[in-house]
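A look at the structure
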Amino acid sequence: MANQRSFCCRTKIRFFLTLTLVAAAALFLFNIATQILDIPPSRRDFIQREYEDRGEIIRKWRKEKSQPRNKPVIGAVPCKGKKCNKFMGVLGLDKNSEGGASAQHCRHPLFLPQNDSISSYFSKRPPLKCKVPEELQCGYSGGKITVAADWSCLLQAINRPDSKDSVVEYTSPQLLTRSVDVQELKLDKDFYRLSCVPNKHLVGTESQKPLGKLEMMVADGETSEQHFFTHISSYPDGELDLCPSDKCLPYNVLILGVGSLSQASFRRLLPKTYDYFTNTLLSSQFTGYNVVGDGATGALLPLLTGLDESHQVEARINKEHSHYMDRMELLWNAYDRQGYATLYAEDHPSSNTFNERFQGFERTPTAHYMRPFWLAAESHLSQEFCLGEKPKHQYMLDYLVDFFSAYKKDRKFAIAMLKELTQTDLSLAQHLDDDLLKFLMTMSPFLQNTLVILMTDHGLIPDQTATSWQVKVQARMPLMSIYLPQSFFNDHSDLAHALISNEDKLVTPYDIHHTLKDIIDTPRLSFSDPRDKGKFGQSLFRPIPVDRTCESAGVDIHWCACHTRFEIGDGEIDRSKVKEKVLTKLNEMTSSHRDHCAAYTTISLLSIYRVVPNEQIAEYEALKNEKFTAETKLDQNYYQVTFSATSSVSDVSDLYEVTLELKDTVFSQSYSMVSEIVRLNKPKTKSCSVDKDIIRYCSCLTL
């Protein structure tokens, strides 16, 4: 007993010494980073004060949390030995805690970001360097338009016509023959095109004025230089109607997202941003954050509306009685009604969340909407991922800074998604790390009254890893981190405490929606029922019960990451019937498009796992007083199937997954689909003239 006490004492001392060293190292690295990134001392001081003030509160609350963090899983196997103990120590876990993970019904696995089993699918990328012509004569920087001597430029604003979400138009041109500050021009639009030529190219007849000649050259694409820039004019403080204090909490909201990365992939590929946001700003990372549907739509629609796609008005392209997205009650509309300035931006117009499969918007959805900028600029990219001398993502980050600067004392709601870099190659996310870190530091003056969400929409499954259970689970667990300013801890400590208590619980986009609604509808905080008439979801400003399950949270079994998987035994399922089921369903979905889509002929089963919700296992073991094994059968038995499909017109296999329910009787087995069929790899061609909903299941006749 004495030896045990001595060991425990030594362990505690080592733990607190390690914690102290980690904190000191983080502060040292932070100071070095701010100097390298040229962050002004005043901003450094603010960030450091925030770190010190909030750190003590957060560490205390996390220590007091009655619900320990989940027992970690490395890969798909519960971690053991020194590697596990070290990992648990980093996370603040106690592997011997009684009850521990078992007290929480939904137990997500936790993955090491540098897991060796998938490391080969990532590669180190050099910094993104946008090529700059040696002698640019014109341009825009720091609020000033530069025009060299003996050059002339046309300045035109980029507009979005009403009811046309994929078209842009240009205003009447303004001729510039000298450098000028934009304040002098009194620009009142967000986006501009600057087209310039040397004056010697404008020589013409007397009747042909330089303006007319330059207009013709711009129309014919004959300009020597063309630049695009964003600019948000400063607005008088308090121009917008301020939401009263008894109705709204006095905070801005910034949602900054990156596409196609899981939690683990974000930590691997953007380590500086993750470390700063998590350890310096002491944000809450929700390790049990779980998607509720497929792709970016399945991530953002529930977050912005509180409903999944199946509960929305029909807005898909080429569907009968389809409407614009304006019919949906999106979160930014509620913020707009409460006097907030609003902004929405995505950097890849062809795969925009609300335009790739949907009709888009009839009216401009937010006060500041970046889609017209990208539509105008996409045919003028200087190189991949660059627009002129800057990376494309930097334009969006600068646009956000301008937005917060323009509305100095008005409240603001902004959502920005960086999706293009990670569309096909996750390793390219490394190009974002330094720029995102600098952006967060630049935003430090606004963080005093801004709730910041740093998130990803979903994980991506590379073709080579389609059967990897670890990759499948990670794809269902994107990043969700929330930063609360110091004033929130001071004035609303009960709400902040509740949010921190939910860090390890099962959390969904529905919950984020309700949390953000609480900001602008504080009477909801007094409701005994936190669901606010919604089918699913509750605010994170209230503790989530430990007995929450995927079913009660609105997560279908196909998307649920907190279940146990079992290898199937010989003869457990009839593989021929599974093939027949999925082949019939796939071909049914494209049967009316045979002029574009060939019928699939061959199905190959790549992997089949039986999946059992953790709460069902716990319930079984409690009732039967025996261990649940792979041979144990329940009334409902689910199987997640990964398969490839091939048609007669293509040698390339298309990859899919689906969850089936097995109904096993004495005489036969029957299967029913309890999820939609989900495409894992991208279609190999864009030549099919079918809408995006169909092309996911289409083997195109024209390659």
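Up top is the structure these notes are about.
Here's what I pulled together on the structure shown here. (Residues numbered from 1 in each chain as written. Predicted model: local features only at pLDDT ≥ 70, side-chain atom pairs only at ≥ 80, totals over all residues. Heavy atoms only, no water.)

This part takes up the pairing of strand β13 (residues 341–346). Every other side chain in a regular strand lies on the same face of the sheet, so the side chains alternate between the two faces. By the criterion of burial, β13 is predominantly enclosed, with 6 of the 6 residues buried. Every second residue of β13 is oriented toward a common face, with Ala341, Leu343 and Ala345 on one face and Thr342, Tyr344 and Glu346 on the other, all of them buried. Here β13 runs beside strand β17 (residues 412–418); their pairing, made up of 6 bridges, is parallel. Directly across from Ala345, in β17, lies its bridge partner Ala416. Sheet topology note: the β13/strand β14 (residues 368–369) ladder contains 2 bridges and is parallel. (Buried < 20%, exposed > 50% of the residue type's maximum accessible area, 1.4 Å probe, protein only. Helix = DSSP H or I, 4+ residues; strand = E, 2+ residues; numbered from the N terminus. Pairing = 2+ DSSP bridges.)

Once that is clear, we can look at the packing of aromatic side chains. Applying the stated criterion across every chain, the model contains 29 aromatic pairs. Seen from their ring centres, Trp61 and Phe489 are 5.8 Å apart, and the 25° between their planes marks the pair as stacked. Placement of the pair is Trp61 in helix α2 (residues 41–64) and Phe489 in helix α14 (residues 486–491), with a sequence separation of 428 residues. Taken as a pair, Trp61 and Phe489 share a single burial class, namely buried. Ring centres of Tyr600 and Tyr656 lie 6.2 Å apart, and the angle between their planes is 85°; on these two criteria the pair is classed as edge-to-face. With Tyr600 in strand β22 (residues 600–613) and Tyr656 in strand β24 (residues 654–664), the pair connects residues that are 56 residues apart, well separated along the chain. In this structure an aromatic cluster arises from ring pairing among Phe191, Phe373, Trp374, Tyr395 and Tyr399. The ring of Tyr170 has Arg193 sitting right over it, with the charged end atom 3.7 Å from the ring centre. Over the ring of Tyr395 we find Lys390, and its NZ or CZ is 4.2 Å from the ring centre. (Phe/Tyr/Trp six-rings, centres within 6.5 Å; stacked < 30°, edge-to-face > 60°. Lys NZ or Arg CZ within 6 Å of the ring centre and 35° of its normal.)

As a further point, take the packing of helix α7 (residues 271–280) against helix α12 (residues 433–442). Where α7 contacts α12, the axes come no closer than 7 Å and their chain directions differ by 25°. In this view, α7 runs roughly parallel relative to α12, as classed from their interaxial angle. Contacts from Pro271, Lys272, Thr273, Tyr276 and Phe277 of α7 reach α12 at Asp433, Asp434, Leu436, Leu437, Leu440 and Met441. Class assignment of the residues belonging to the contact of α7 with α12 gives a composition of 7 nonpolar, 1 polar and 3 charged. (Axes fitted to C-alpha atoms, helices over the stretch in contact; angles between N-to-C directions. Parallel < 35°, antiparallel > 145°, perpendicular 65-115°, else oblique. Contact = heavy atoms within 4.5 Å. Nonpolar A, V, L, I, M, F, W, Y, C, P; charged D, E, K, R; others polar.)

A word on the pattern of salt bridges. Under the defined criterion, the tally for this structure stands at 24 salt bridges. With its nearest N and O atoms 2.8 Å apart, the salt bridge here joins Lys390 to Asp398. With relative accessibility at 26%, the residue Lys390 sits in the partly exposed group. Asp398 gets classed as partly exposed once you look at its relative accessible area, which sits at 24%. What emerges from the salt-bridge pattern is a single network uniting Asp294, Glu309, Glu314, Arg316, Arg357, Asp693 and Arg696. (Salt bridge = Lys/Arg side-chain N within 4 Å of Asp/Glu carboxyl O.)

Reading across the sheet, the 7 strands line up as β12-β19-β18-β11-β17-β13-β14 and stay open at both edges, with mixed pairing between neighbours. The open sheet has two free edges, formed respectively by β12 (284–285) and β14, since each of these has just one partner strand.

A separate point is helix α11 (residues 392–406). Between its first and last C-alpha atoms α11 spans 22 Å; for 15 residues at 1.5 Å apiece the expected length is 21 Å, and the two agree. What α11 keeps buried is the set Lys392, His393, Gln394, Tyr395, Met396, Leu397, Tyr399, Leu400, Val401, Phe403, Phe404 and Ala406. (Expected span 1.5 Å × (residues − 1).)

If you trace the backbone, Thr659 turns up in strand β24. At 2.6 Å, the side chain of Thr659 forms a polar contact with the side chain of His558. Beyond its immediate stretch of four places on either side in the chain, Thr659 contacts Ile557, His558, Tyr638, Tyr639, Gln640, Ser672, Met673, Val674 and Ser675. (Polar contact = N/O pair within 3.5 Å; in protein donor to acceptor, adjacent residues only side chain to side chain.)

A word on the state of the cysteines. In the structure shown here, the tally under the stated rule is 6 disulfides. With its sulfur 1.9 Å from that of its partner, Cys243 forms a disulfide with Cys248. Given an S-S torsion of about 75°, the disulfide between Cys243 and Cys248 has right-handed geometry. Residue class for Cys243 comes out buried when judged on its relative accessible area of 3%. With no disulfide of its own, Cys138 has Cys153 as its nearest cysteine by sulfur position, at a separation of 3.5 Å. (Disulfide = S-S within 2.5 Å.)

Looking now at the sheet that holds strand β3 (residues 138–141). Strand order in the open sheet made by the 3 strands is β3-β4-β8, with antiparallel pairing throughout. In this open sheet, the two strands that pair with only one neighbour each are β3 and β8 (180–181).

Here we take up the side chain of Ser675. Position of Ser675 relative to the elements: it lies in the loop between β25 (669–673) and β26 (678–679). Overall, the relative accessible area of 14% leaves Ser675 in the buried class. Polar contacts involving the side chain of Ser675 include one to the side chain of His558, which spans 3.5 Å. Among the polar contacts listed, one links the side chain of Ser675 to the backbone nitrogen of Thr659, at a separation of 3.0 Å. Here Ser675 is in contact with His558, Val658 and Thr659, once residues within four sequence places are set aside.

Looking now at the environment of Leu495. Looking at the secondary structure, you find Leu495 in helix α15 (residues 493–501). Residue Leu495 is classed as buried on the basis of its relative accessible area, which comes to 9%. Sequence separation between Leu495 and Arg542 is 47 residues; the distance between their C-alpha atoms is 6.8 Å. Among all residues touching Leu495, those that are not within four sequence positions of it are Leu249, Phe488, Leu525 and Phe541.

Moving on: unusual backbone geometry. With a phi angle near 65°, Asp150 is a residue other than glycine that sits in the positive phi range. Positionally, Asp150 belongs in the loop between β4 (144–147) and β5 (151–159). The residue Phe385 is not glycine, and still its phi comes out positive at about 70°. Examined against the element boundaries, Phe385 turns out to sit in the loop between α10 (371–377) and β15 (386–387).

These figures come from the coordinates and say nothing about function on their own.
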